[in-house]
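Next come the chains, spelled out residue by residue.
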Amino acid sequence: PDVPFDVAIRTLVDQGANIIFTASDEFEEDTAIVATEYPDVTFINVSGDDAYLGTAPANLGNVMGTMEWGKMIAGCAAALQTSTGHIGYLGPLINFETRRLVNSAYLGARHCYEMRGMNPDELQFTVTWIGFWFNIPGVTLDPTEEANTLLNNGADVIISGIDTTEGITVVSQRAAAGESVWAVPYDFASACDLGPEVCLGVPYFHWGPVYAEIISAAQAGTYEQAWTLTNPDWSDLNNPDTSGIGFAKGPALTEENGAMLDAFIAEAAAYAAENPDGIYLWTGPLSYQDGTEIAAEGVNLPYIVAIEEGSSVWYQQQLLAGITGASES
């Protein structure tokens, strides 16, 4: 049965936990509240930004992986393989995080569609949101139905942004029936095993390195509140000991497309080396769906600044112009 958040935390504290990771943006607000009740316990909220904004209690830090890189590679793989020029994105709920990940996938897709010699303005990119990170019958939309709808409407690649595997399952079923369709699942490194014949690759988090670093510091009494980002190890993207973001290339990529994807990853790595505070392709001109310009021609959008100080990758308030789908719930 479901356990209320504060009860779960109390149980962990009673069992002797002195560092607690709350691993969801859904826990951000509750973590900030409960941390004040246990000042001797270190709390780390994954994906929040209270420590960055200076609103967190002293015993609360944040950590997040720069999944924008992984989603950009996912979008690239999709654009390299699509035959219809139409990519579908199966999204969870709508917030700053999920909008910036959709937008990153779109930027990667546009860039790699152009690498093929195609017009990126002709690429169709459609996002549908189910309402949460996984299916809750009677509460969310059914991801199986939504994935089928995207395919029925012309998409031949489904990029998943949800925590479960309905996307690749549906695509595998449609491929078994004779369709040329492909999938890019999310955040489960072995997801391609569920449909190797359709899987173009999967971006995923490596939490081990940063968790170990934080735990070691806490044990030594040297941990200081921080908003910590964990990045790809571009020298060994899938090394679980060093890389914060991985991308497992899928067996369904053609040899040519695999080589082009490798070239794109090399481009991203070179950019990251020269621009440690930026994300590749987040360079103007960039505008939201309503036409609001967030980066002028040639301007690199900063990764994060407070909303009142300007636009940033972190606080994406809408989907980018060119994407079909809702920016708000």
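Residue positions are given per chain, counted from 1 along the sequence in the order it is written. Only residues with pLDDT of at least 70 get local features here, since the model is predicted, and only at 80 or more are side-chain atom pairs given and counted; chain-wide, interface and lining totals rely on the full set of residues. To get the side-chain values, take all heavy atoms of the structure and skip hydrogens and water.

A. Spotlight on the overall build of the chain. Helix numbers and strand numbers start at the N terminus; a helix is a DSSP run of H or I with at least 4 residues, a strand a run of E with at least 2. Of the regular secondary structure elements, the chain holds 9 helices and 13 strands. Relative to the compact-globule value of 20 Å for 329 residues, the chain shows a C-alpha radius of gyration of 20 Å, a close match. Residues counted as buried form 55% of the 329 residues belonging to the chain. Long-range contacts, defined as pairs at least 24 residues apart, comprise 63% of the intrachain contacts of the chain with a sequence gap of at least 6. Working note: accessible area of the chain is about 14100 Å², and carbon and sulfur atoms make up 50% of it. Atoms counted for the radius of gyration: C-alpha only. Globule rule: 2.2 Å times residue count to the power 0.38. The cut-offs for exposure are 20% and 50% of the maximum accessible area for each residue type, with area from a 1.4 Å probe on protein chains only; residues under the lower value are buried, those over the upper are exposed, and the others partly exposed. Note on contacts: a residue pair qualifies if any of its non-hydrogen atoms lie within 4.5 Å across the two residues. Surface exposure here means Shrake-Rupley accessible area, sampled with a 1.4 Å probe, where a residue is shielded only by the protein chains that are shown.

B. Expanded view of the nonpolar core. Membership of the largest hydrophobic core comes to 64 residues, with the highest contact counts inside it found for Phe125, Leu261 and Trp282. Element by element, the count of residues in this core is highest for helix H4 (residues 67–81), at 10 residues. Residues contacting tryptophan 282, with those up to four places away along its chain left out, are Met72, Arg100, Asn103, Ser104, Leu107, Val299, Asn300, Leu301, Val313, Gln316 and Leu320. Take the buried Ala, Val, Leu, Ile, Met, Phe, Trp, Tyr and Cys residues and link them wherever side-chain atoms come within 4.5 Å; each set so joined is a nonpolar core. Of all hydrophobic cores here, the second largest spans 19 residues; its members include Ala147, Ile158, Ala183 and Cys199.

C. Structural context of the state of the cysteines. When the sulfur atoms of two cysteines come within 2.5 Å, that pair is taken as a disulfide. Taken as a whole, this structure holds 2 disulfides when the rule is applied. Linked covalently through their sulfurs, cysteine 76 and cysteine 112 form a disulfide whose S-S length is 2.1 Å. Its torsion about the S-S bond being -90°, the disulfide of cysteine 76 and cysteine 112 is classed as left-handed. Of this pair, cysteine 76 sits in helix H4 while cysteine 112 is found in helix H5 (residues 96–115), placing the two residues 36 residues apart along the sequence. Residue cysteine 76 is classed as buried on the basis of its relative accessible area of 0%. Given a relative accessible area of 0%, cysteine 112 falls into the buried group.

D. Structural context of the sheet that holds strand E2 (residues 42–46). Two strands are counted as paired when DSSP detects at least two bridges linking them. Taken in spatial order, the 4 strands line up as E1-E2-E3-E9 in an open sheet, and their pairing is parallel. The open sheet has two edge strands with one neighbour each: strand E1 (19–22) and strand E9 (227–230). Mean inter-strand twist for the sheet, computed between neighbouring axes without regard to direction, equals 20°. The sheet contact formed by E1 and E2 spans 4 bridges and is parallel. The partner of isoleucine 19 across the bridge, within E2, is threonine 42. Between N-to-C directions, angles cover 0 to 180 degrees, with each direction set by a line fitted to C-alpha atoms, over the stretch in contact for helices. Helix H1 (residues 5–14) contacts E1 and E2 of the sheet and is inclined by roughly 150° relative to E1.

E. View of helix H2 (residues 28–35). When we look at burial in H2, the residues that qualify are Glu28, Thr31, Ala32, Val34 and Ala35. Each element contacted by the buried residues of H2 is listed here: H1, E1, E2, helix H3 (50–53) and strand E3 (60–65).

F. Broad picture of the packing of aromatic side chains. Only Phe, Tyr and Trp rings are paired, with Trp represented by its six-membered ring, and only when their centres lie within 6.5 Å; those with planes under 30 degrees apart are stacked, over 60 edge-to-face, the remainder tilted. Under the defined criterion, the tally for this structure stands at 16 aromatic pairs. Arranged with centres 5.0 Å apart and planes meeting at 85°, the rings of phenylalanine 132 and phenylalanine 134 form a pair that is edge-to-face. Look at phenylalanine 134 and you get partly exposed, because its relative accessible area is 37%. With 5.9 Å between their ring centres and 35° between their planes, phenylalanine 264 and tyrosine 280 make a pair best called tilted. In this pair, phenylalanine 264 sits in helix H9 (residues 255–274) while tyrosine 280 sits in the loop between H9 and strand E11 (286–287), placing the two residues 16 residues apart along the sequence. Across the pair, tyrosine 280 and phenylalanine 264 agree in class, each one buried. An aromatic cluster is defined as three or more aromatic residues linked by ring pairs; in this entry it consists of Phe21, Tyr186, Phe205, Trp207 and Tyr211.

G. Examining H9 more closely. With 20 residues, H9 extends 29 Å between its outermost C-alpha atoms, agreeing within 8% with the 28 Å of an ideal straight helix rising 1.5 Å per residue. If you check which residues of H9 are buried, you get Asn257, Gly258, Met260, Leu261, Phe264, Ile265, Ala268, Ala269, Tyr271 and Ala272. Elements that come into contact with the buried residues of H9 comprise H4, H5 and strand E10 (245–249). Multiplying one less than the number of residues by 1.5 Å gives the expected span of a helix.

H. Up close: the packing of H4 against H9. Viewed as axis vectors pointing N to C, H4 and H9 meet at an angle of 150°, and their least axial separation amounts to 10 Å. Considering the angle they form, H4 stands roughly antiparallel to H9. Once H4 is placed against H9, the crossing between them reads as right-handed. Here H4 contributes Trp69, Met72, Ile73, Cys76, Ala77, Leu80 and Gln81 to the contact with H9, which in turn contributes Asn257, Met260, Leu261, Phe264, Ile265, Ala268, Tyr271 and Ala272. Residue polarity follows a fixed list, in which Ala, Val, Leu, Ile, Met, Phe, Trp, Tyr, Cys and Pro are nonpolar, Asp, Glu, Lys and Arg are charged, and the others, Gly among them, are polar. Its residues placed into classes, the contact of H4 with H9 shows 13 nonpolar, 2 polar and no charged. If an angle is under 35 degrees, it is roughly parallel; if it is over 145, roughly antiparallel; if it lies from 65 to 115, roughly perpendicular; otherwise it is oblique. Handedness of a helix crossing follows the sense of rotation of the near helix relative to the far helix, less than a right angle counterclockwise being left-handed and clockwise being right-handed.

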